[in-house]
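# Topology and contacts: notes
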Amino acid sequence: MVGNHLSQHAALSLVAIGLSTHIQSLPAGSPVDIKTLAKRFPEGTTRIANGLRELELHGYLRRTRERTEDGRIVTLTVSCNHPGRTGGDEDRAQPEAEPAPELKPEAEPAPQPTPGPPARRAEPRRRALPAVPQPAYPAPDLLVTALDVLSGLRREDPRLYLSAADAEHLAPGVAAWLERELTPDAVRRVLTFDLPREPLRRPAALLAHRLGAQLPPLPPFRAPGQTPTVRRPLQNCDICNLAYRAPEPGTCGTCTPEPDMTGSNLSSLLM
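Residues numbered from 1 in each chain as written. Predicted model: local features only at pLDDT ≥ 70, side-chain atom pairs only at ≥ 80, totals over all residues. Heavy atoms only, no water.

### Things to note about the pattern of salt bridges
- This model, assessed by the stated rule, comprises three salt bridges.
- Ionic pairing is found between Arg72 and Asp70, a salt bridge with its closest N-O pair at 3.5 Å.
- For Arg72, a relative accessible area of 46% corresponds to the partly exposed category.
- Arg188 is paired through a salt bridge with Asp185; the nearest N and O atoms lie 2.7 Å apart. A residue pair is termed a helical-turn pair when its members lie 3 or 4 positions apart in one helix, as Arg188 and Asp185 do in helix H8 (residues 184-192) at three residues. (Salt bridge = Lys/Arg side-chain N within 4 Å of Asp/Glu carboxyl O. Buried < 20%, exposed > 50% of the residue type's maximum accessible area, 1.4 Å probe, protein only. Helix = DSSP H or I, 4+ residues; strand = E, 2+ residues; numbered from the N terminus.)

### Observations concerning the environment of Gly44
- Topologically, Gly44 is positioned in the loop between helix H3 (34-40) and helix H4 (45-57).
- In this structure Gly44 comes out as partly exposed when scored by relative accessible area, which is 26%.

### Let's talk about the nonpolar core
- In this structure, Leu150, Leu170, Val174, Val187, Leu207 and Leu211 are the most contacted members of the largest nonpolar core, which totals 25 residues.
- For this core, the secondary-structure elements that each account for two or more residues are helix H5 (140-151), helix H7 (164-179), H8 and helix H9 (203-213).
- Among the elements that line this core, the one with the most residues is H7, at seven residues.
- Once you skip the residues sitting within four places of it in the chain, Leu211 turns out to touch Val132, Pro133, Leu170, Gly173, Val174, Trp177 and Leu191.
- Leu12, Val15, Ile23 and Tyr60 belong to the second largest nonpolar core, which has 17 residues in total. (Core = buried A, V, L, I, M, F, W, Y, C linked by side-chain atoms within 4.5 Å. Contact = heavy atoms within 4.5 Å.)

### Brief notes about the confidence of the model for the chain
- Taken as a whole, the chain shows an average pLDDT of 77; of its residues, 76% reach a score of 70 or greater.
- Scored below 50 in pLDDT, residues 86-93 shows 26 contacts in the model against residues more than four places distant or in partner chains.
- Segment residues 95-101: pLDDT under 50, and 22 contacts once partners within four positions in sequence are set aside and those in other chains are kept. (pLDDT = per-residue confidence, 0-100.)

### As for the side chain of Ser30
- In this structure, Ser30 sits in the loop between helix H2 (14-25) and H3.
- When its relative accessible area of 14% is taken as the criterion, Ser30 is described as buried.
- Reaching out from Ser30, the side chain makes a polar contact with the backbone oxygen of Pro27 at a distance of 2.8 Å. (Polar contact = N/O pair within 3.5 Å; in protein donor to acceptor, adjacent residues only side chain to side chain.)

Next up, the structure:
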């Protein structure tokens, strides 16, 4: 019979109580050394050795070394149903085939860390801006001009204030427009034209959309060294009021008299 003084013992661990119950259930002479018990239970040699040491400390187990007739030294283990009693039918002497190894105390559990202040809630992740066109040749001077265009937009409309990260994202898109032979003022007018009247929640996203959706076509191909065709401004003829292209006001080709290449006029032209 296992008494409540063992099963309800306040100082014994669950491993020690279980080992004592198991040892008392065995017939006399059964091996109860650490290796035998470790093969029977999954707790391992260290926990079993500590449990036997607890039982020995509280009087539920006695171990003595004796010499056998053939000269071997063995450990004799006596399990006690009632601590402090010696001998009797309730005590079971059970020799061990090998001496018990020296027991090592279990390492004390590491102290639990003290809880710190509650972690701050993570801020919602900012949505990515739309992709913008990329220039074919992102020259440093071109990107600097693009950043100047973007930084000047807030002077046109205070709602177009951009952070450094927004300007860095939009600068290649503006550079792609400048590559298409648009002036910085022309790009600025396109980006600020007909803006919504309501407050702009994401001005950088609006500008990124315009840079991609309204990207102008590439300029016509010109051979290296070929000068671009100069488009002269329109003028009104002083005589017939017909519109014609010329660098300065005057008369159109129809109203301009052709020079007389004969007679005195030719002589005057050659002189």
